[in-house]
Protein chains: 2
Amino acid sequence: MPPEILPIVEKILSANDLLALENRKLLDEHDVLAVNVMASPGAGKTSLILHSIRALQGRLQVGVIEGDVAGRVDADKVAETGTPVVQINTGGGCHLDAPQVQSALKQLPLDEIDLLFIENVGNLICPTGFALGEHVNMMISNVPEGHDKPIKYPGMFAAVDAIILNKVDLMPYIDFDLEAFRTAVRALNATAPLFEVSCKTGEGIEAWAEWLQAQKRG
Amino acid sequence: MPPEILPIVEKILSANDLLALENRKLLDEHDVLAVNVMASPGAGKTSLILHSIRALQGRLQVGVIEGDVAGRVDADKVAETGTPVVQINTGGGCHLDAPQVQSALKQLPLDEIDLLFIENVGNLICPTGFALGEHVNMMISNVPEGHDKPIKYPGMFAAVDAIILNKVDLMPYIDFDLEAFRTAVRALNATAPLFEVSCKTGEGIEAWAEWLQAQKRG
């Protein structure tokens, strides 16, 4: 009788995950906290980043990687603030990946950056499947999008470390059930803080900036 | 010297495209016009379908296939109107495909349906890459999403036969440059009609319903 052989299957890292680990190592060497910013198209990713840059001025130096299918309008807006920024165009790709971020990191002055926002492509589904090397995953939901989004896109709401509900200034004009939204979020994610903000009025931005600073202190 | 051989590469249909052709044939046999409804999460796909059902009452019998990553809230809303509806849950998939639609078609009373809305998963990128058997591709953009969406998601705006700009009732509360939006749309798509509507007030719905009816008369 032959000796019993127990097959041992270890988790094999994908090529993307291996490069994400390299990105993470590079970020750590330069003491940069990387935040993966995910949301639907038009949820306010760039607006939130611009508000965060202003709110963190004098506290943390920010850098930005902008991901879009096409165009450079977002990178141009960030560059106007004097913040180091690199635009990635995926050319049809529906999410960023670690190789794209690796090539962007080479073009950023990492020694001068404390906090790096990586703005992912506008998409509530695919980006969670691709590690970039980030330390924090966050998403932006928004009032006009409707309170049922956690039910329809549970993967994203479950995967993130922080959730922003943007455009709360539009609450009076929209049938948005805030309690139903909060309950649906909590059913999927018991721990992520939920920040209710308006990138139009600035409401709620300071609490978010303080949370980011706390993550940086680790 | 050997005779010259000219390699001829014909377009090979993917498995998805082959099933899409089968779907199209089945729809044509039952004289059903199928409309692929694409948009970001929360753009108002289900709201537009509900408005269209009401507007077309007495003119066209509507059927609906609802596509979502998870949940059945949309199908429940449609079922309340007495309209035949099937919910597809992609379980993480970021777009519908022809096999999913084929299985849904088998559950619909096609002989009683004139117009079939296929509501795709909320995503401005991936759905255009997968034929379902539809006759008409359309998309819904919306005011809170911002006027720069054509620049950032050109593939979808270029691919569709009709474009709806929803939530025009929110125009007074949002910095939306309508002329910039129209110009960006026209640069990508010279022929698709652009309907400016509000699923809150009903503005613009009748023009859209008449256009649908004209497609049906074909």
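The paragraphs below set out a description of the structure included in this document. Remember, it's a predicted structure, so these values are computed and weren't measured experimentally.

Cut-off values and rules
- By convention here, each chain's residues receive numbers from 1 onward along its written sequence.
- Numbering of ligands from 1 and lettering of chains from A proceed in the order in which they are written.
- Confidence filtering applies because this is a predicted model: local features only for residues at pLDDT of at least 70, side-chain atom pairs given and counted only at 80 or more, and all residues used for totals across whole chains, interfaces and linings.
- Remark: hydrogens and water are excluded; side-chain values derive from all non-hydrogen atoms of the structure.
- Paired strands, as defined in this entry, are two strands with at least two bridges between them according to DSSP.
- Starting at the N terminus, helices and strands are each numbered in turn, a helix being any DSSP run of H or I of at least four residues and a strand any DSSP run of E of at least two.
- Helix axes are fitted to C-alpha atoms over the stretch in contact, other axes to C-alpha atoms as well, and angles between N-to-C directions run from 0 to 180 degrees.
- Partly exposed describes any residue whose relative accessible area lies between the buried limit of under 20% and the exposed limit of over 50%, with all areas from a 1.4 Å probe on protein chains only and scaled to the type maximum.
- Throughout, a residue-residue contact means that at least one pair of heavy atoms, one from each residue, lies within 4.5 Å.
- Buried area is a sum: the accessible area each of two parts loses on coming together, probed at 1.4 Å, counted once for each and added.
- When a carboxyl oxygen of Asp or Glu is within 4 Å of a side-chain nitrogen of Lys or Arg, the pair counts as a salt bridge.

## Describing the sheet that holds strand β5 (residues 136–142) of chain A
All names here are of chain A. Read from one edge to the other, the open sheet built from seven strands follows the order β3-β2-β4-β1-β5-β6-β7, with strand pairing classed as parallel. Strand pairing shows two members of the sheet lacking a second neighbour, β3 (85–89) and β7 (194–196), which therefore form its edges. Pairs of neighbouring strands in the sheet enclose a mean axial angle of 20°, with direction left out of account. Sheet analysis places strand β1 (residues 33–39) next to β5, joined by five bridges and oriented parallel.

## Re helix α2 (residues 45–55) of chain A
Counting buried positions along α2 of chain A gives nine out of 11 residues, so the element sits mostly inside the fold. Taken together, the buried positions of α2 of chain A are occupied by Lys45, Thr46, Leu48, Ile49, Leu50, His51, Ser52, Ile53 and Ala55 of chain A.

## Details of the pairing of strand β4 (residues 115–119) of chain A
All names here are of chain A. Burial runs high along β4: five of the five residues are buried. Alternating residues of β4 divide into Leu115, Phe117 and Glu119 and Leu116 and Ile118, and every residue in both groups is buried. With five bridges joining them, β1 and β4 adopt parallel strand pairing. Opposite Leu33, over in β4, you have Leu115 as the bridge partner. Pairing between strand β2 (residues 62–68) and β4: five bridges, direction parallel. Following the sheet pairing, Val62 is matched in β4 by Leu115.

## Quick look at the interface of chain B and chain A
In this assembly, 33 residues from chain B lie in contact with 33 residues from chain A. Here chain B packs against chain A, burying approximately 2,500 Å² in sum over the two surfaces, 62% of which is carbon and sulfur. Counting the surface chain B buries against chain A, the share from its top three residues, Pro41, Lys152 and Tyr173 of chain B, is 24%. Our enumeration of links across chain B and chain A arrives at two salt bridges. The shortest N-O distance in the salt bridge between Asp74 of chain A and Lys152 of chain B comes to 2.7 Å.

## Some points on the sheet that holds strand β7 (residues 194–196) of chain B
Residue and element names in this part refer to chain B. Strand order in the open sheet formed by seven strands is β3-β2-β4-β1-β5-β6-β7, and the pairing between neighbours is parallel. Only two strands of the sheet have a single neighbouring strand rather than two, namely β3 (85–89) and β7. Across this sheet, the average inter-strand angle for adjacent strands is 20°, counted without regard to direction. Helix α8 (residues 205–217) rests against β1 (33–39), β4 (115–119), β5 (136–142), β6 (162–166) and β7 of the sheet, and its axis sits at about 140° to β1.

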